[in-house]
Amino acid sequence: MKPIVLYGDPVLREKAKPVEKIDQAVKNLVAQMTATLKNAKGLGLAAPQVGEPIRIFILDLSAVDLTESVRVFINPEIMETSGEILMEEGCLSFPGIYQKIVRPERVKMKATGLDGKIFTVHAGGILARAMLHEFDHLEGKLFIDYFSPVSRALLRGKLKRLATAL
Ligand code: NI
């Protein structure tokens, strides 16, 4: 497992670099991220959240959908989005903070799997939401960036405590 980086660490604001080659180091990182995500009982984790600014994220929606298992997205690209929906989100880098935000309702994403094969996912619901949240991490974007000025003001104290807990 690897420690999860919390809000305030500058790595969360970096634009992550593409993965050039799926080598043993990448496979090891994905294995560590999977163990870290399972341990934290989260739905998704992006490599920058374990201090590695490279373009990988994983999802594990098995807690909300028994047909799901861990999905690995390497060098993901958003092909298309549609609709808008308000849904509650949390983030492992922001323990204790949950907020409803608006994002596209559906997404079509292309990525490379651990096996090196390119795949496409058309998603809606919680899967789309998780994919869009994790993709943002690779751009250095965080869910608090979507908060309204009012909710940001209400959470100012909590965010400050997180950022100074480093
Ligand atoms: Ni997150």
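Coordinates for the structure precede this section.
Presented here is a report on the structure given in the accompanying data block. (Residues numbered from 1 in each chain as written. Predicted model: local features only at pLDDT ≥ 70, side-chain atom pairs only at ≥ 80, totals over all residues. Heavy atoms only, no water.)

1. Digging into the side chain of Arg129
Then step 1. Structurally, Arg129 can be placed in helix H2 (residues 125–138).
Then step 2. The class for Arg129 is buried, based on a relative accessible area of 4%.
Then step 3. There is a polar contact of 3.4 Å between the side chain of Arg129 and the backbone oxygen of Met87.
Then step 4. For Arg129, the side chain forms a polar contact with the main-chain oxygen of Ile101, separated by 3.0 Å.
Then step 5. Not counting residues within four places of it along the chain, the set of residues in contact with Arg129 comprises Ile85, Leu86, Met87, Glu89, Ile101, Val102 and Arg103. (Helix = DSSP H or I, 4+ residues; strand = E, 2+ residues; numbered from the N terminus. Buried < 20%, exposed > 50% of the residue type's maximum accessible area, 1.4 Å probe, protein only. Polar contact = N/O pair within 3.5 Å; in protein donor to acceptor, adjacent residues only side chain to side chain. Contact = heavy atoms within 4.5 Å.)

2. Things to note about the coordination of the nickel ion
Then step 1. Each protein donor to the nickel ion is listed here as Cys91 (SG), His133 (NE2) and His137 (NE2); together their distances run 2.1 to 2.2 Å.
Then step 2. Spacing between the donor residues of the nickel ion along the chain follows C-x41-H-x3-H. In this pair, Cys91 is assigned in the loop between strand S4 (85–89) and strand S5 (99–103) and His133 in helix H2, connecting sequence segments 42 residues apart. In this pair, the class of Cys91 matches that of His133, namely buried. (Donors = N, O, S within 2.8 Å, 3.2 Å for Na, K, Ca; no water.)

3. A few points about the sheet that holds strand S3 (residues 71–82)
Then step 1. Spatially, the five strands line up as an open sheet ordered S1-S2-S3-S6-S7, and their pairing is antiparallel. The open sheet has two free edges, formed respectively by strand S1 (44–46) and strand S7 (118–123), since each of these has just one partner strand. Each neighbouring strand pair of the sheet contributes to a mean axis angle of 35°, computed without reference to strand direction.
Then step 2. With three bridges connecting them, S1 and strand S2 (residues 56–59) associate as antiparallel partners. Pairing of Ala46 across the sheet is with Phe57, part of S2.
Then step 3. Each of S1, S2 and S3 touches helix H1 (residues 24–40); the most contacted strand, S2, lies at about 40° to it.
Then step 4. Against the sheet, H2 contacts S1, S2, S3, strand S6 (106–112) and S7, and its axis sits at roughly 155° relative to S2. (Pairing = 2+ DSSP bridges. Axes fitted to C-alpha atoms, helices over the stretch in contact; angles between N-to-C directions.)

4. Some thoughts on H1
Then step 1. Its 17 residues give H1 an end-to-end C-alpha distance of 24 Å, which sits within 8% of 24 Å, the value for a rise of 1.5 Å per residue.
Then step 2. Val26, Leu29, Val30, Met33, Thr34, Thr36 and Leu37 are the residues of H1 that are buried.
Then step 3. Remark: Lys41 follows H1 within two positions and exhibits a positive phi of approximately 55°. (Expected span 1.5 Å × (residues − 1).)

5. Thoughts on the pattern of salt bridges
Then step 1. Enumeration over the complete set of coordinates arrives at nine salt bridges.
Then step 2. The salt bridge partner of Arg13 is Asp145, with a shortest N-O separation of 2.8 Å. One end of the pair, Arg13, is in the segment before H1; the other, Asp145, is in the loop between H2 and helix H3 (149–154), and 132 residues separate them in sequence.
Then step 3. Residue Asp145 is classed as partly exposed on the basis of its relative accessible area, which comes to 26%.
Then step 4. Via salt bridges that share partners, Glu89, Arg103, Arg129 and Asp136 belong to a single interconnected network. (Salt bridge = Lys/Arg side-chain N within 4 Å of Asp/Glu carboxyl O.)

6. Some words on the nonpolar core
Then step 1. Among the nonpolar cores identified, the biggest contains 18 residues, and Phe57, Phe73 and Met131 are the most heavily contacted of them.
Then step 2. Listing elements by their share of this core, those giving two or more residues are S2, S6, S7 and H2.
Then step 3. Per-element tally for this core: the top contributor is H2, with seven residues.
Then step 4. The next biggest cluster of nonpolar side chains, apart from the first, holds 14 residues, and it includes Cys91, Phe94, Ile101 and Phe147. (Core = buried A, V, L, I, M, F, W, Y, C linked by side-chain atoms within 4.5 Å.)

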